[in-house]
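Descriptive structure summary
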Amino acid sequence: MGIFDSDFDMENYVRQRIPEIENLNNRELFKKIVSNSVVEIYKHVKEEYELLEKRVLEQAPKALSMPDLITCVVPADKYDLTDTHLKPMFAEDLEEVKINAQDMVTSVKDGKEFYLYTCMIKADYLELKKLIQADRIFKGVIENEYDETPAEFILKPNDKYRKKAEELYNIAKLNYLPWRSLNLSYFYKLFDVYVTKIENWDEQLEVKKVTIEFDEFGERILHKPLPVWNINEVIIKANSYPQPAIDRKYYEHYLYQKQFITEHKYLLKHSDFIIRNIFWRDGDLYIICDSDLPGDWKFYEFCPPPDPKNYENPLMSNEQFKSFSRDVIEYFGQRIKTRTEVVRFLDSFKCNEYLSFVDAKVISAKQDSETYSMEKFIEYEYRTGDRLQSLEFSFRPKDENFYLNRDLMSFLTTAIQNLFPEYNCVGKLV
């Protein structure tokens, strides 16, 4: 299984081996036999194998899985309001932020920090980790229509967008789907800016501009980030009256295929009723619940991947490339036992274009890690966290200066953590 998953080129391999044969007669013989016979046999076997894969997958039931989540951060002033692929996670992010000067002065006088806005810092995880631990205070000025006033500011990690994405965990359970780790790399770069000290400010004057000296981060700050994702919230009304289920205690609600967009995926967002089951059949959706009346159903509509060229920053996704071995493993729930299976699993993710897997080894759990878990919000009742050993996966970045390298590595180690519960999975760049 998976013999031809790689991009092995038999013809190129044969051409490279021919010059290694010193005897010209043997070289000619090798060329005739291998090039004319073995290569053709290999092509034929590969073609038959691919046909076999296709027949097996067509007959085997497909494993249910969550739709792919795609995220990005774009400058708020450059967002295309007609974009049908990526939508703002919060509609209010498109509104202009106005600072209430009176509330700001009152909070600062009371010794409380006052929230100003959210920014994004394009810096490496370890660099931002030190920033958070240092409790840095940044200098700057707040301007009104007449003059400017010196002030002090602090940064705090923003978790608003992470928590929004983490809601998908309960939504997956509601839709009876197995959980898939989410690539939330961008959301760990978002910080809230607070003012902690301001001198001689007239409460009656409006805040026109805030300028902060971010020191070494100055050129890597995006002041108006707009987090977007491929999810659109929609309401679909049941057109037929629910029918009693077999047990007569629940009712079957029926939504027609024509009510959904074929290329899109849908997850029931939430329900005021007790959901007994949800399943799709021939494009139609069946919802078994305790309500005997038709109503409106709120869905998360997942849009297909957009063209990456339309966005200033790279798209982040938990998408996995489809292959015969990947599909069979997902359906039968096969556990990873060999290094080859580890390579296949990690290479199946689209974000693998930024990182190359190098090796995996067991280390002491007390060693410092370059990664973090993107699933701290999940409560595992039987995982104490007191593991004696860690499984360290090393990766080589395609671009050493890409600020998301360790965040993408954290996503990959989080995804593979579920396959190795006996270890604490961590990552390392080499």
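The model shown is predicted, which means the values in this text are computed figures rather than measured ones.

As a further point, take the overall build of the protein. Regarding its fold elements, the protein presents nine helices and 20 strands. Counting only C-alpha atoms, the protein reaches 95 × 70 × 45 Å along its principal axes. The buried share of the protein, reckoned over its 430 residues, is 45%. A sequence separation of at least 24 residues applies to 80% of the contacts in the protein between residues at least 6 apart. Carbon together with sulfur atoms contributes 49% to the accessible area of the protein, which is approximately 25,100 Å² in total. Treating the 59 positive side-chain charges of the protein as one cloud and the 75 negative ones as another, the clouds have centres 5 Å apart.

Glancing now at the nonpolar core. Leu168, Tyr186, Leu346, Phe393 and Phe395 are the most contacted members of the largest nonpolar core, which has 61 residues in total. No other element matches the six residues that helix H9 (residues 405-417) contributes to this core. Excluding residues within four positions of it along the chain, tyrosine 186 makes contact with Thr71, Cys72, Val73, Met120, Asn313, Pro314, Met316, Tyr403 and Leu404. Listed in part, the 27 residues of the second largest apolar core include Val105, Tyr117, Phe191 and Ile221.

A few words on the side chain of arginine 162. Along the chain, arginine 162 turns up in helix H5 (residues 160-166). Among buried charged residues, arginine 162 stands out as having no salt bridge; its nearest opposite-charge side chain is glutamate 166, 5.8 Å away. Setting aside chain neighbours within four positions, we find arginine 162 in contact with Pro157, Phe187 and Tyr188.

This next bit is on a nonpolar patch on the surface. Where nonpolar side chains cluster on the molecular surface, the patch consists of Leu29, Ile33 and Val38 and spans about 250 Å² of accessible area. Residue position: isoleucine 33 is located in helix H2 (residues 24-59).

Of all six residues in strand E15 (residues 284-289), six are buried, a share of seventy percent or more. A two-sided burial pattern is seen for E15, the buried positions comprising Asp284, Tyr286 and Ile288 on one face and Leu285, Ile287 and Cys289 on the other. Relative to E15, strand E14 (residues 275-281) runs antiparallel, the two sharing six bridges. Residue pairing in the sheet places phenylalanine 279 in a bridge with tyrosine 286 of E15. Between E14 and E15, which pair antiparallel and follow one another directly, the connecting turn spans two residues, one of which, aspartate 282, has a positive phi of 55°.

On to the layout of surface pockets, then. Taken as a whole, the second largest pocket holds about 880 Å³ of empty space. As for the second largest pocket, its lining consists of 27 residues, of which Glu96, Val97, Leu116, Tyr117 and Lys224 are closest to the centre. For the lining of the second largest pocket, the elements supplying multiple residues, two or more each, are strand E3 (114-121), H5, strand E7 (209-212) and strand E9 (225-229). It is E3 that provides the largest number of residues to the lining of the second largest pocket, a total of four residues. Among the residues forming the lining of the second largest pocket, the class breakdown is 12 nonpolar, three polar and 12 charged.

What follows covers unusual backbone geometry. At tyrosine 176, a position not held by glycine, the phi torsion is positive, near 55°. One non-glycine residue with positive phi stands out, namely aspartate 282, at about 55°. Checked against the element boundaries, aspartate 282 lands in the loop between E14 and E15.

Thresholds, definitions, all that
- Residues numbered from 1 in each chain as written.
- Predicted model: local features only at pLDDT ≥ 70, side-chain atom pairs only at ≥ 80, totals over all residues.
- Heavy atoms only, no water.
- Helix = DSSP H or I, 4+ residues; strand = E, 2+ residues; numbered from the N terminus.
- Buried < 20%, exposed > 50% of the residue type's maximum accessible area, 1.4 Å probe, protein only.
- Contact = heavy atoms within 4.5 Å.
- Areas by Shrake-Rupley, 256 points an atom, 1.4 Å probe, with all protein chains shown as cover.
- Lys, Arg positive; Asp, Glu negative; His and termini not counted.
- Charge placed at Lys NZ, Arg CZ, Asp CG, Glu CD.
- Core = buried A, V, L, I, M, F, W, Y, C linked by side-chain atoms within 4.5 Å.
- Salt bridge = Lys/Arg side-chain N within 4 Å of Asp/Glu carboxyl O.
- Patch = residues over 30% accessible without salt bridge, like charges linked within 9 Å, V, L, I, M, F, W, Y side chains within 5 Å.
- Pairing = 2+ DSSP bridges.
- 1 Å grid on protein atoms, 1.4 Å probe; cavity = no way out; pocket = protein on both sides within 12 Å on 5 of 7 lines; lining within 4 Å.
- Points joined across faces, edges and corners; volume = space filled by probe spheres on them.
- Nonpolar A, V, L, I, M, F, W, Y, C, P; charged D, E, K, R; others polar.

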